[in-house]
Amino acid sequence: MIKLESAHIEEVRGIRKLDINFGKGTFAISGPNGSGKSGVIDAIEFGLTGQIGRLTGRGTKGLSVAEHGPHVDKTKFPDAAFVELKVFIPSLGKSAKITRKVSAPRKPKIVPADADIKAVLDETADHPEITLSRREILRFILVEPAKRSEEIQTILKLEEIGQTRGALNTAQSRLQTAHKIAAGQVQASRDTLQRHLRIATFQAAELLAAVNERRVALGLTPIEKLTAVTKLDAGLSETGKAPEFNKASVLRDLKALTEALGLLPNAGKEEVASILSSMARLESDPALLDALQRRALIEKGLDLIDGPDCPLCDRPWDDEEHLRDHLNAKLAKSEEAGKLQGELLKSGSDLARYVVRLLALLGPPLKVASGEGDAACANLITAWTTNLEELKAQLISMDGLMGLKDRLASGWSATPKALPAALKALAGKIEAKPDQSATVEAQTFLTTAQLRLNDYREAMRKNEAAKIASASAQEAYDAYCRAMEDELNALYEAVQEDFSEFYKAINEDDEVRFTAKLTPSEGKLDFNVNFYERGLFPPGAYHSEGHQDGMGVCLYLALMKRLFADRFTIALLDDVVMSVDSAHRYQFCKLLKSQFPNTQFVITTHDRLWAEQMKSAGLVTAKTSLAFHSWTVDTGPLVESNTEIWDEIAGSLAKGKVDTAAASLRHHLEYASRHMADQLGARPAFRADGNYELGELLPSVLSRMKDLYGKAAESAQSWSNAAAKEIAGTRKTTLSSSSGAMNVEQWAVNKAVHYNEWANFGKRDFEPVVSAFRELLDCFRCNDCQSWLYVTPKGIPESLRCPCSGTNMNLKVKPKG
Amino acid sequence: MATLQQTIAKKFLDNLSGSDAVNASRIEQLRKLLADGKKVKPEDLVKIFTAAEDGDVK
Ligand SMILES: Nc1ncnc2c1ncn2[C@@H]1O[C@H](COP(=O)(O)OP(=O)(O)O)[C@@H](O)[C@H]1O
Ligand SMILES: [Mg+2]
Ligand SMILES: [Zn+2]
Ligand SMILES: [Zn+2]
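Rules behind the numbers
- Numbering of residues starts from 1 in every chain and runs along the sequence as written.
- Numbering of ligands from 1 and lettering of chains from A proceed in the order in which they are written.
- Owing to the predicted nature of the model, reporting of local features is limited to residues with pLDDT of at least 70; listing and counting of side-chain atom pairs is limited to 80 or more, with chain, interface and lining totals taken over all residues.
- With hydrogens and water stripped out, all remaining heavy atoms of the structure feed into the side-chain values.
- Put simply, DSSP H or I for four residues or longer makes a helix, DSSP E for two residues or longer makes a strand, and each gets a number counted from the N terminus.
- Here's how the labels work: a residue is buried when its accessible area is under 20% of the maximum for its type, exposed when over 50%, partly exposed in between, all with a 1.4 Å probe on protein chains only.
- Whether two residues touch is decided by their heavy atoms; if any such pair falls within 4.5 Å, the residues are in contact.
- The pLDDT score gives, residue by residue, the confidence of the prediction method on a 0 to 100 scale.
- Buried area is understood as the total, over both parts, of accessible area removed when two parts are fitted together, assessed with a 1.4 Å probe.
- Throughout this description, the term salt bridge denotes a Lys or Arg side-chain nitrogen within 4 Å of a carboxyl oxygen of Asp or Glu.
- N or O atoms closer than or at 3.5 Å make up a polar contact, with two conditions inside protein: a donor-capable atom paired with an acceptor-capable one, and, for residues adjacent in sequence, both atoms drawn from side chains.
- In this analysis, rings of Phe, Tyr and Trp, with Trp reduced to its six-membered ring, are considered paired at centre separations within 6.5 Å, and the interplanar angle assigns stacked below 30 degrees, edge-to-face beyond 60, and tilted for intermediate values.
- Throughout this description, the term charge over a ring refers to an Arg CZ or Lys NZ atom that lies within 6 Å of the ring centre and within 35 degrees of the ring normal.
- By nonpolar core we mean a set of buried residues, namely Ala, Val, Leu, Ile, Met, Phe, Trp, Tyr and Cys, connected to one another through side-chain atoms within 4.5 Å.
- Throughout, the edges of the domains are those of an automatic or database domain assignment.
- For two strands to be treated as a pair, DSSP must find no fewer than two bridges joining them.
- By convention in these notes, a residue is near a molecule or strand provided one of its non-hydrogen atoms lies within 4 Å of it.
- All accessible areas in this document rest on Shrake-Rupley with a 1.4 Å probe, and a residue is counted as covered only by the protein chains that are shown.
- Expected span of a helix, by definition, is 1.5 Å for each gap between consecutive residues, and there is one gap fewer than residues.
- Read the arc as the range of directions from the helix axis to the C-beta atoms.
- For every element, the axis is a line fit to its C-alpha atoms; helices are fit only across the contacting stretch, and the angle between N-to-C directions ranges from 0 to 180 degrees.

Thoughts on the overall build of chain A
For chain A, the helix and strand inventory stands at 28 helices and 17 strands. Burial status across chain A gives 51% buried among its 817 residues. Long-range contacts, defined here as pairs at least 24 residues apart, represent 68% of the contacts in chain A between residues at least 6 apart.

Brief notes about the confidence of the model for chain B
Detail in the predicted coordinates should be disregarded across regions flagged by low pLDDT. All names here are of chain B. Per-residue confidence for chain B gives a mean pLDDT of 80; residues scoring 70 or more make up 83%. Considering each helix and strand of chain B separately, the mean pLDDT is smallest for helix 1 (residues 4-17), with a value of 86, and largest for helix 3 (residues 42-50), with 91. In the predicted assembly, ipTM is 0.93 and pTM is 0.62.

As for the interface of chain B and chain A
Interface size is often expressed as the accessible area that is lost when the parts come together. Taken together, the contacts link 26 residues of chain B with 41 residues of chain A. Between chain B and chain A, roughly 2,900 Å² of surface is buried when both sides are summed, and carbon and sulfur atoms account for 69% of that area. Here chain B and chain A share three salt bridges between them. Close ionic contact of E43 of chain B with R174 of chain A constitutes a salt bridge, the shortest N to O distance being 3.5 Å. Our count for the contact surface shared by chain B and chain A stands at two residue pairs in polar contact (both at pLDDT 80 or more). Among the secondary structure elements, those contributing two or more residues to the side of chain B that touches chain A are helix 1, helix 2 (24-35) and helix 3 of chain B. Of the residues forming the side of chain B that touches chain A, the biggest block, eight residues, is contributed by helix 1 of chain B.

Brief notes about the packing of aromatic side chains
Taken as a whole and judged by the stated rule, the model has nine aromatic pairs over all chains. Look at Y480 of chain A and F12 of chain B: their rings are 5.0 Å apart centre to centre, the planes differ by 75°, and that puts the pair in the edge-to-face class. Of this pair, Y480 of chain A sits in helix 18 (residues 438-506) while F12 of chain B sits in helix 1, each in a different chain. The class for F12 of chain B is buried, based on a relative accessible area of 1%. Ring geometry for F596 of chain A and F601 of chain A: centres 6.0 Å apart, planes at 90°, overall edge-to-face. When the ring centre of F445 of chain A is taken as reference, the NZ or CZ atom of R214 of chain A above it lies at 3.7 Å. Over the ring of W788 of chain A we find R781 of chain A; its NZ or CZ atom is 4.0 Å from the centre of that ring.

A look at the nonpolar core
Ranked by internal contacts, the top residues of the largest apolar core, which has 112 residues, are F499 and L557 of chain A together with F12 of chain B. When residues of this core are sorted by domain, at least three fall in each of domain 1 (3-156 + 546-639) and domain 2 (157-246 + 437-479) of chain A.

A word on the pairing of strand 11 (residues 570-574) of chain A
All names here are of chain A. Extensive coverage of strand 11 is indicated by the burial of five of its five residues. Bridging between strand 7 (residues 131-133) and strand 11 involves three bridges; their strand directions are parallel. Looking at strand 11, one finds that L132 is bridged to L573. Pairing geometry for strand 11 and strand 12 (residues 600-605), over five bridges, is parallel. Each residue of the ladder has a partner; that of A571, found in strand 12, is F601.

Points about the pattern of salt bridges
Residues and elements named next belong to chain A. Counting across every chain of the model gives 34 salt bridges over all chains. For E213, the salt bridge identified is with R214, shortest N-O distance 3.7 Å. A salt bridge links K346 to D350; the nearest nitrogen and oxygen atoms lie 3.0 Å apart. Here the residue K346 and the residue D350 both occupy positions in helix 13 (residues 335-371), the gap between them amounting to four residues, near one helical turn. K346 gets classed as exposed once you look at its relative accessible area, which sits at 51%. Linked by salt bridges that have partners in common, E11, R16 and D73 make up one network.

Considerations on the site of ligand 1
Residues and elements named next belong to chain A. Near ligand 1 you find 16 residues, and of these G34, K37, S38, G39 and V72 are the closest. Within the backbone of S35, a nitrogen or oxygen atom sits 3.2 Å from an oxygen atom of ligand 1. When ligand 1 is considered free in solution it has 580 Å² of accessible area, and contact with the protein chains removes 77% of it. At three residues, the largest contribution of residues to the shell around ligand 1 is made by helix 1 (residues 37-49).

Comments concerning helix 2 of chain B
Given a rise of 1.5 Å per residue, twelve residues ought to cover 16 Å, and the 16 Å separating the end C-alpha atoms of helix 2 of chain B matches this to within 8%. By the burial criterion, the buried members of helix 2 of chain B are R26, I27, L30 and L33 of chain B. Here the buried residues of helix 2 of chain B occupy an arc of 120° about the axis, which is enough to place them on one side. Away from its buried face by more than 90 degrees, helix 2 of chain B exposes A24, K32 and A35 of chain B. Close packing links the buried residues of helix 2 of chain B with helix 18 of chain A together with helix 1 and helix 3 of chain B.

Things to note about unusual backbone geometry
All names here are of chain A. In this model, V111 is joined to P112 through a cis peptide bond whose omega is -5°. Looking at the element boundaries, P112 is found in the loop between strand 6 (109-111) and helix 4 (115-125). A positive phi angle, close to 55°, is found at D575, a residue other than glycine. Secondary-structure assignment places D575 in the loop between strand 11 and helix 21 (585-595).

Some details on the side chain of S652 of chain A
Residue and element names in this part refer to chain A. When you line up the elements, S652 lands in helix 23 (residues 644-654). Of the residues examined, S652 reaches a relative accessible area of 12% and is grouped as buried. Setting aside its immediate chain neighbours within four residues, S652 contacts K657, T660 and A661.

What about the confidence of the model for chain A?
On average, residues of chain A score 85 in pLDDT, and 89% of them are at 70 or above. The model gives residues 749-753 of chain A a pLDDT under 50, and that stretch makes one contact with residues more than four places away or in other chains.

With respect to the environment of A248 of chain A
Tracing the sequence through the fold places A248 of chain A in helix 9 (residues 247-263). In this structure the C-alpha to C-alpha distance between A248 of chain A and H196 of chain A, which are 52 residues apart in sequence, comes to 8.6 Å.

Looking at the pairing of strand 14 (residues 636-640) of chain A
Strand 14 of chain A sits mainly inside the fold: five of its five residues count as buried. Counting the residues between successive antiparallel strands, the hairpin from strand 13 (residues 625-632) of chain A to strand 14 of chain A contains three residues.

Describing the environment of S25 of chain B
All names here are of chain B. Residue position: S25 is located in helix 2. According to the relative accessible area criterion, S25 is partly exposed, its value standing at 30%. Taking the C-alpha atoms as reference points, S25 and I48, separated by 23 residues in sequence, lie 9.3 Å from one another.

Looking at helix 4 of chain A
Residues and elements named next belong to chain A. Within helix 4 the residues assigned to the buried category are I117, V120, L121, T124 and A125. Angular distribution of buried residues about the axis of helix 4 spans 140°; they occupy a single face of the element. Counted as exposed and oriented over 90 degrees from the buried face of helix 4: A115 and D122. In this fold, the buried residues of helix 4 make contact with helix 1, strand 4 (82-89), strand 5 (94-101) and strand 6.

Focus: the sheet that holds strand 5 of chain A
Residue and element names in this part refer to chain A. On the basis of which strands lie adjacent, the open sheet formed by five strands has the order 2-1-4-5-6 and antiparallel pairing. Each end of this open sheet is capped by a strand with a single partner; those strands are strand 2 (17-21) and strand 6. Each strand axis lies, on average, 15° off the axis of its neighbour in the sheet, ignoring direction. As defined by bridge partners, strand 1 (residues 3-10) adjoins strand 4 across seven bridges and the pair is classed as antiparallel.

Structure (structure tokens):
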């Protein structure tokens, strides 16, 4: 896998044009909701995979990368939307540039186009799960076990494995049915042969006795041993075989059929009853029927998938994988229907065996009827045979079975009414013929016996092949299931350990003895976690939402670690870490640093404080973080940058866009005062929800800074440091005059006047507002490094300083004495 | 590192060669089918399992 060096994004999602330098390391992007963070993640994901999970994932019907990937103003020019990523491939020690246009998501331009580079990029493209978004995170944690199994299977890319297993299962059950039918065929052809031979038990000795009696009568040598190639009529001259049939045998065939017809109303009764009761269950539960019908349809669809268009409804998908995921998810929903389907198919194939037997009984009489020129009877039998062949095929397929309800209820065989009489007439006709001479009887006995033995041998051969096929398919299916279970269990066990360890690391202080258990079972994955040593419970039972979110991230990390091992070089965490509650964020940063030192995390958060915490925890630096302060449809994300904000505002004003400039200024002030309140330890009236308004925050920051400058001056005085006193004093004066100019102190009292009005200002009126605030904010910065000043230590500050030490004011007064 | 699917496929084929229900030539065909990387269809499998084979039919 890869690491990101840099990205150039144009006209993708909410972004117009943006360059980000990731520098192969962990990187933070912060900004309020709607400022374009996910747009960046989408763009990177698109650059790497050609997909955008947010547009093509579950529950995103009607969205597509092609239509909704480009910036809304460029939908007619999708060529303008592209992402250019510079990536580094640690395993190869090579860098490469990948450029992907929304108009050609599957045809990225890769430079250099080395085969090894392409292979790594192909692999990366195959793993959209490097992106974890907030929408997905709780999927692993709170969902019911069957669904979780599905979700985790998706992340593990198990659908391919599931597909293989499903195909093996389908093959196995088809071959099992085929074997059952083949065995029925053996039984039927044996009955036919035995009836002709008139032997009580089907044994070689008896068979040979019956045959040899005729052979001796004809002066032929008796057969001593029955082998696979024995010919019962060996030695009979061609002319000796002349007569069409053996009268006695034909009469027995007709009788057998007639008797069977009499028994038909009861034949297969149990099977029919079972099929009909399953059908009744389906009818009383429309949801089940629906699931079943869709199951058959979806199975067919899965079979037919060949490219990204749905084979069932032609709806175009972004790619085959999403389509398959979608269909598999639907399929999984119909577990019960699946069981019912198994029962139906079993009874169906059992009943098919009766059909096979009946068909075997119809063969000889048909031959006779044709031979005797009894067209009416022959047609009756032919038509019925065709009909029964159809029935047999229907009985072994789901679609077929579903159409058979009426027929099964009214007697599956659908015996032609005229048949018994026709058979009777035919038998009468045969009986009326003169008895055959002993020679002819013996000759036809042998020829017919040989023909039926051939049929029997053929049926045996087919059955043997079917048996082997079925047994090997069964064995293969079992072997695959075993392999899958073993590997998955091992994986889950490893994941469960990692998960517990990670989660413990984050919650070091309050859940020391934390353990978790992932228990896979048929299509389900139970997940239980320890709650303060009170036992194992589903995460949703007692844990707070913050804890659950933390669990989601930990489970994700554990899965990725086990899946990719040393190839886990990048993860895009889109607004998923903010939900880790604030007390545990520092540990979370530590976890990422210590457990995944070789993984580049691109982390977005809408929580400013989180962004700052990542910096102070050393996960990212000022260089490896980016803050958006706002977003407009014309500009895309506006990057928070101390120096550029004023250029941006000036730019908007130059275009006459006072409202845009006003919004930018306001966002910047919001950001700056919040940040300064934190850095300086300002004391606005406490709010439990943390939703401080600019109108209360900025005044409190101002008064805090005045205090601090006052203290610095006092301290300098006590140390007799005139230069320092001068600096602190000047800063304090400038601060007072700048804030006075904007009446900022009044804001808390009179909230509505300020920025709401700005939007209505003319350009000329607004320019002074901008420069006044710029001056004001400069009072909070170091003149050398432009950084915001901060106090340290936080509790009882001893100095007010900046990172470069260009500004460093002592706050401690010299002790007296 | 092999992917999970590859690991499972390998274990599967190992499992199979240890049993005598499936002959060597079928195992070989299965290996090829799985190595292909394409999705496995029931029809392909049925073909492999039903292919006439010397020594199959006694
Ligand atoms: N294709 C698009 N064209 C234009 N704007 C878009 C497009 N897709 C999303 N946006 C907008 O981009 C803005 C930033 O969205 P998003 O990246 O989701 O923000 P964040 O993740 O920071 O909350 C939103 O206002 C959103 O409506
Ligand atoms: Mg977002
Ligand atoms: Zn469809
Ligand atoms: Zn400085």
